[in-house]
Amino acid sequence: TILFIIASFFASNAAAQNDNQASFESYLKKIYTVFSTDGFQAMKPYYTENAIEIGPDGGLINGQKAIGEYYGQLEGMMDAKPQFTIQLTCWRLIKPDVALITWDSHDKFFLFGQTMESDNTGAALLRKEKGQWLIEYDHMTPKVPFPDPKADELAIKALGNEAYAA
């Protein structure tokens, strides 16, 4: 019977983990869908009043009102609705009502006649209020390859060899 109790504990714990993962995947999908179809005003219910956000440009935006103004400016520059591909990469329950989630995204924005695409890693600290997860803090970090000085040196040498050969 001890083995049955231990197996039951691990089975129920694994089921809860899968439920949480599905919940966070659904949550991310909903937020990105709401933003891409209806804009930030429709996203406001997913943010706490004092939410903090660090955007891809590194700027700190403090409070739901300021975040709304930031997204309002962005929406004013868009020629079309943005497109996103997202994938939850990690999540942790810090407490039953506090979670940390991370995700990867491929973002496509249409601004001033240009298409701007980027790959990013996002992270958010979520707080659950009245059964709903709210964003307390989030940030987006662009994925930029780290420069390889050796590759640059080899490219310069190759150019020098080509010039010498000519």
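What comes next is a walk through the structure. In every chain, residue numbers begin from 1 and rise along the written sequence. Reporting in this predicted model follows two pLDDT cut-offs: at least 70 for local features of residues, and 80 or more for side-chain atom pairs to be given and counted; totals over whole chains, interfaces and linings ignore these cut-offs and use all residues. Note that water and hydrogens are dropped before the side-chain values are worked out from all heavy atoms of the structure.

### A few points about the sheet that holds strand S4 (residues 98-111)
Two orientations exist for strands paired in a sheet by backbone hydrogen bonds: parallel and antiparallel. The strand order S2-S1-S6-S5-S4-S3 describes an open sheet built from six strands, whose pairing is mixed. Lying at the two open borders of the sheet, with one neighbouring strand each, are strand S2 (60-62) and strand S3 (83-95). Here the strands of the sheet are splayed against their neighbours by 20° on average, with no regard to which way each runs. Only heavy atoms matter for contacts: two residues are in contact if any of them lie within 4.5 Å across the pair. To get an axis, fit a line to the C-alpha atoms, keeping to the stretch in contact for a helix; angles then go from 0 to 180 degrees between the N-to-C directions. Secondary structure follows DSSP: runs of H or I at least 4 residues long count as helices, runs of E at least 2 residues long count as strands, and numbering of each begins at the N terminus. Strands in contact with helix H3 (residues 64-77) are strand S1 (47-54), S2 and S4; relative to S1, the strand with the most contacts, it is inclined by about 60°. In this scheme, strands are said to pair when DSSP sees at least two bridges between them.

### A closer look at unusual backbone geometry
One non-glycine residue with positive phi stands out, namely Phe-112, at about 50°. For Phe-112, the position within the fold is in the loop between S4 and strand S5 (114-129). The backbone phi angle of Lys-130 is positive, close to 50°, even though this residue is not glycine. Along the chain, Lys-130 falls in the loop between S5 and strand S6 (132-142).

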